[in-house]
Amino acid sequence: MIEEYDLRIGLKNETTYEGQLTSKSIWGVLRGLETFIQLIHPSENGPFFQIQKTNITDYPRFTHRGLLVDTSRHFISLSNLYANLDAMSYNKLNVFHWHITDDQSFPYESKMFPLLSQKGAYDPSLVYSQQDVQNIIEYAKLRGIRVIPEFDTPGHTRSWGVAYPEILTQCFDNNKPNGKYGPMNPIKKLTYTFLKYLYKEINETFPDNYIHIGGDEVDKDCWLSNPDIQEFMAQNNIKDPEQFQTIFHEILYEIGSSLGSKLIVWEEIYAEGVNITKDVAVQVWAKSKYFDQVTEDGLNAILSSCWYLDHLSTGGDWKKYYECDPYDYVSSEKQRKFILGGEACMWSEVVDDSNLLTRIWPRASATAEKLWSSENVNSFTSAQPRLEEHTCRMKNRGIPAQPPNGAGFCV
Ligand code: ACM
């Protein structure tokens, strides 16, 4: 995406003002229009608006400026997802990371495997149909936003097992199945056949080059408790579950590259020594040290560890998000070119339609500014009134953003 634009508002002659917005691409035009909106102020003495005379050349510091929304722990209605995409565009964010499935529910209607949502969604009404997904992608596209789907594997997949328990691992206690299912079963051919067809569908459904395949928080104890997996590991001289997980991910990479997709994985895949190829990007969420190591190894990285919106603090807690800069997490300048950008993450264990927008906005605006503006835009005291104004602007445009700081009002 070329997002650079040039905006000039000035005097044409004695009586006429002229504005001009130019960009090499439509994406830059969209960003420039957002800036244009920000230049408009109510006039001090009358019911009019005025615009500042200015020349702006502007472009983002990072190409990947995202927001993750989890629609598995709670279903989020289409109207809120649309409003959220509006708000993302008001903040010049350009990637909607759709964490669409997880343990708790499977709300994506698959063409290939419709049972996944028929059995794995919370309710038949809480499903994104194929048409819904296309509508979201189109709505996002018109606002300059890419949609990257995440189908997290091999962990976080309990909801998949309601329809297809045979692709999950049966967990054992004292050599007996304990009735629970763990991560996907990496020793079954069926698992990969299933994923191949599903990822093929996902690749055709979502036009973005990237698919996020997850890889976080895999329950290794369940794997190790399963006698078939124990036998497989012994026969293949596999010493530890991390090495075992490598098998799964290397086959998933093959599936991804056979589809021509680029992949994003959570940091565990890197941390556990899975062989990662250069076209895989690593998203760091728990241990910031991996951001340094990933970029030192010449791999692309996405930062999220300092931008977890489910971590609430008292007062105007946007400040902690504003204090986070991706450059602070790498130890040398040469690593900077491997920083794709970052994402704020809205996990939805205690978030649904009633609080999604208020919880994200304007807190994610802090992340958005860190990812767009140059590194020397870092003053908390100058950002504070700007964020107040921006919050009022979002409210005026229909986003129920919460107050960023203390007491105040919007006109
Ligand atoms: C994560 O928060 N488990 C990525």
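The sections below set out a description of the structure shown in this document. (Residues numbered from 1 in each chain as written. Predicted model: local features only at pLDDT ≥ 70, side-chain atom pairs only at ≥ 80, totals over all residues. Heavy atoms only, no water.)

Helix and strand content of the chain: 15 helices and 15 strands. Compactness check: the chain gives a C-alpha radius of gyration of 23 Å against a globular reference of 22 Å for 411 residues, within 12% of the reference. Taken along the three principal axes of its C-alpha coordinates, the chain extends 85 × 50 × 40 Å. Across the 411 residues of the chain, 54% fall into the buried class. For the chain, contacts bridging at least 24 residues in sequence account for 68% of all contacts bridging at least 6. Looking at the chain as shown, the accessible area adds up to about 18,500 Å², and 51% of this sits on carbon and sulfur atoms. (Helix = DSSP H or I, 4+ residues; strand = E, 2+ residues; numbered from the N terminus. Rg over C-alpha atoms; globule rule 2.2 N^0.38 Å. Buried < 20%, exposed > 50% of the residue type's maximum accessible area, 1.4 Å probe, protein only. Contact = heavy atoms within 4.5 Å. Areas by Shrake-Rupley, 256 points an atom, 1.4 Å probe, with all protein chains shown as cover.)

A word on the pattern of salt bridges. Counted according to the given criterion, the structure contains 21 salt bridges. A salt bridge links R31 to E3; the shortest N-O distance between them is 2.7 Å. Linking R31 in helix α1 (residues 26-39) with E3 in the segment before β1 (5-11), this pair joins segments that are 28 residues apart in sequence. One salt bridge in this structure joins R386 and E369, with 2.5 Å as the shortest N-O distance. A residue pair is termed long-range when its members are at least 10 positions apart, and R386 in helix α15 (residues 380-396) and E369 in helix α14 (residues 363-372) qualify at 17 residues. One salt-bridge network, held together by shared partners, links D70, R73, D102 and E349. (Salt bridge = Lys/Arg side-chain N within 4 Å of Asp/Glu carboxyl O.)

Turning to the nonpolar core, a few remarks are in order. In this structure, F96, W98, F151, W160 and W361 are the most contacted members of the largest nonpolar core, which totals 87 residues. Look past the residues within four positions of F151 in its chain and what remains in contact with it is I100, T101, F106, Y108, W160, L198, Y199, I202, F206, H212 and I213. Counting residues in each nonpolar core, the second largest holds 7 residues, with V95, I148, Y210 and I264 among its members. (Core = buried A, V, L, I, M, F, W, Y, C linked by side-chain atoms within 4.5 Å.)

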